[in-house]
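Commentary on secondary and tertiary structure
Now for the letters of each chain:
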Amino acid sequence: MTSSIWLFGYGSLIWRPDFDFNSSRIAWVDGWSRRFWQGSHDHRGVPEAPGRVATLIPLIGERCGGMAFEIDAESAVRIFDQLDYREKNGYERFQAPLYFDDGNQVEGVFYVANEDNHAYLGPAPIEKIAAQIKRSHGPSGSNEEYLRNLADALRRHKIEDDHVFSIESGIIAR
Ligand code: BEZ
């Protein structure tokens, strides 16, 4: 029997998993919260005008919902190599338990861009984040498309996220 690795996606992986997987399930990581605090110089912005993309920040009492992908252990090295390259702008792999809605739990891997990385932008008022996302574009497309795809996917999966939805409202209001 082949063993599996669970990869947790909370950003673009939720709506654009460009790798093979055996199954996917909504999952949660405890003690983390999604924030648009990571700069994107290579995908949704450019070095002179970075966009903002999601990272996870450690926050006691919070939990972040996303999608867990079950991948073959044999494929994992290749998939992680691809993702390490795709997400080379400051993200590192992290390991922690993932919780499913049925109460089951598995060990998962996810990517986190922490405040020590060169592209980190950190917190800003929601209106400023919305304005930066609205005006940013990069080789992978507009920053607004990234935000809207993420918000749509979260709604589809019934995952609440005040941070994401308030940025989306801020963009619509502009
Ligand atoms: C994600 O979970 O969608 C993700 C976020 C940052 C880097 C890689 C993957």
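Above: the structure in question.
The sections below set out a description of the structure shown in this document. The shown structure was predicted, so the numbers you read here are calculated from the model rather than taken from an experiment.

With that settled, the discussion passes to the packing of helix 4 (residues 143–156) against helix 5 (residues 162–172). For any two helices packed against each other, one specifies the inter-axial angle together with the distance between the axes. At a minimum axis separation of 10 Å, helix 4 and helix 5 run at an interaxial angle of 130 degrees. Judged by the angle between their axes, helix 4 and helix 5 are oblique. In the crossing of helix 4 with helix 5, the sense of the turn from one axis to the other is left-handed. Here Glu-144, Leu-147, Arg-148, Leu-150, Ala-151, Asp-152, Leu-154 and Arg-155 of helix 4 lie close against helix 5, whose contacting residues are Val-164, Phe-165, Ile-167, Glu-168, Ile-171 and Ile-172. For the contact of helix 4 with helix 5, the class distribution of residues is nine nonpolar, no polar and five charged.

It is worth spelling out the packing of aromatic side chains at this point. Enumeration over the complete set of coordinates arrives at eleven aromatic pairs. Plain terms: the ring middles of Trp-15 and Tyr-146 are 5.9 Å apart, the flat faces sit at 85 degrees to each other, and that makes the pair edge-to-face. Of this pair, Trp-15 sits in helix 1 (residues 12–15) while Tyr-146 sits in helix 4; the two residues are 131 residues apart in sequence, bridging distant segments of the chain. In this structure an aromatic cluster arises from ring pairing among Phe-8, Tyr-10, Trp-32, Phe-94 and Phe-110. We note Arg-25 situated over the ring of Phe-100; from NZ or CZ to the ring centre the distance is 3.9 Å.

Moving on: the sheet that holds strand 5 (residues 105–112). Strand order in the closed barrel formed by five strands is 1-3-2-4-5, with mixed pairing between adjacent strands. Averaged over all pairs of adjacent strands, the angle between their axes in this sheet comes to 45 degrees, without regard to strand direction. Contacts from helix 2 (residues 73–86) reach strand 1 (4–9), strand 3 (51–72), strand 4 (92–100) and strand 5, with the element oriented near 135 degrees to strand 3. In the packing of helix 3 (residues 126–135) onto the sheet, the strands contacted are strand 2 (23–40) and strand 3, and the crossing angle to strand 3 comes to about 45 degrees.

Attention now goes to helix 4. The end-to-end C-alpha distance of helix 4 is 20 Å, a good match for the 20 Å that 14 residues give at a rise of 1.5 Å each. For helix 4, the full list of buried residues reads Asn-143, Glu-144, Tyr-146, Leu-147, Leu-150, Ala-151, Ala-153 and Leu-154. Looking one or two residues past helix 4, Lys-158 carries a phi angle of roughly 55 degrees, positive in sign.

Turning next to the pairing of strand 3. Looking at chain direction, strand 1 and strand 3 are connected through six bridges and run antiparallel. Bridge pairing in strand 3 links Leu-7 to Phe-69. With 15 bridges joining them, strand 2 and strand 3 adopt antiparallel strand pairing. Residue pairing in the sheet places Trp-28 in a bridge with Gly-65 of strand 3.

We now examine the site of the ligand. What surrounds the ligand is the set Phe-8, Gly-9, Tyr-10, Gly-11, Ser-12, Leu-13, Glu-87, Tyr-91 and Tyr-111. With respect to the ligand, the backbone of Tyr-10 contributes an N or O atom lying 2.7 Å from an oxygen atom. At 2.9 Å from an oxygen atom of the ligand is found a main-chain nitrogen or oxygen belonging to Gly-11. Contact with the protein chains removes 98% of the 260 Å² of surface that the ligand exposes when unbound. The pocket occupied by the ligand, as judged from atoms lying within 2 Å of grid points, is the largest cavity. Residue assignment for the shell around the ligand shows that the elements contributing at least two residues are strand 1 and helix 1. A per-class count over the shell around the ligand returns five nonpolar, three polar and one charged.

Reading the values: rules and limits
- Residues numbered from 1 in each chain as written.
- Predicted model: local features only at pLDDT ≥ 70, side-chain atom pairs only at ≥ 80, totals over all residues.
- Heavy atoms only, no water.
- Axes fitted to C-alpha atoms, helices over the stretch in contact; angles between N-to-C directions.
- Helix = DSSP H or I, 4+ residues; strand = E, 2+ residues; numbered from the N terminus.
- Parallel < 35°, antiparallel > 145°, perpendicular 65-115°, else oblique.
- Left-handed = near helix turned anticlockwise from the far one by under 90°.
- Contact = heavy atoms within 4.5 Å.
- Nonpolar A, V, L, I, M, F, W, Y, C, P; charged D, E, K, R; others polar.
- Phe/Tyr/Trp six-rings, centres within 6.5 Å; stacked < 30°, edge-to-face > 60°.
- Lys NZ or Arg CZ within 6 Å of the ring centre and 35° of its normal.
- Pairing = 2+ DSSP bridges.
- Expected span 1.5 Å × (residues − 1).
- Buried < 20%, exposed > 50% of the residue type's maximum accessible area, 1.4 Å probe, protein only.
- Near = heavy atom within 4 Å.
- Polar contact = N/O pair within 3.5 Å; in protein donor to acceptor, adjacent residues only side chain to side chain.
- Areas by Shrake-Rupley, 256 points an atom, 1.4 Å probe, with all protein chains shown as cover.
- 1 Å grid on protein atoms, 1.4 Å probe; cavity = no way out; pocket = protein on both sides within 12 Å on 5 of 7 lines; lining within 4 Å.
- Sits in = over half its atoms within 2 Å of the grid points.

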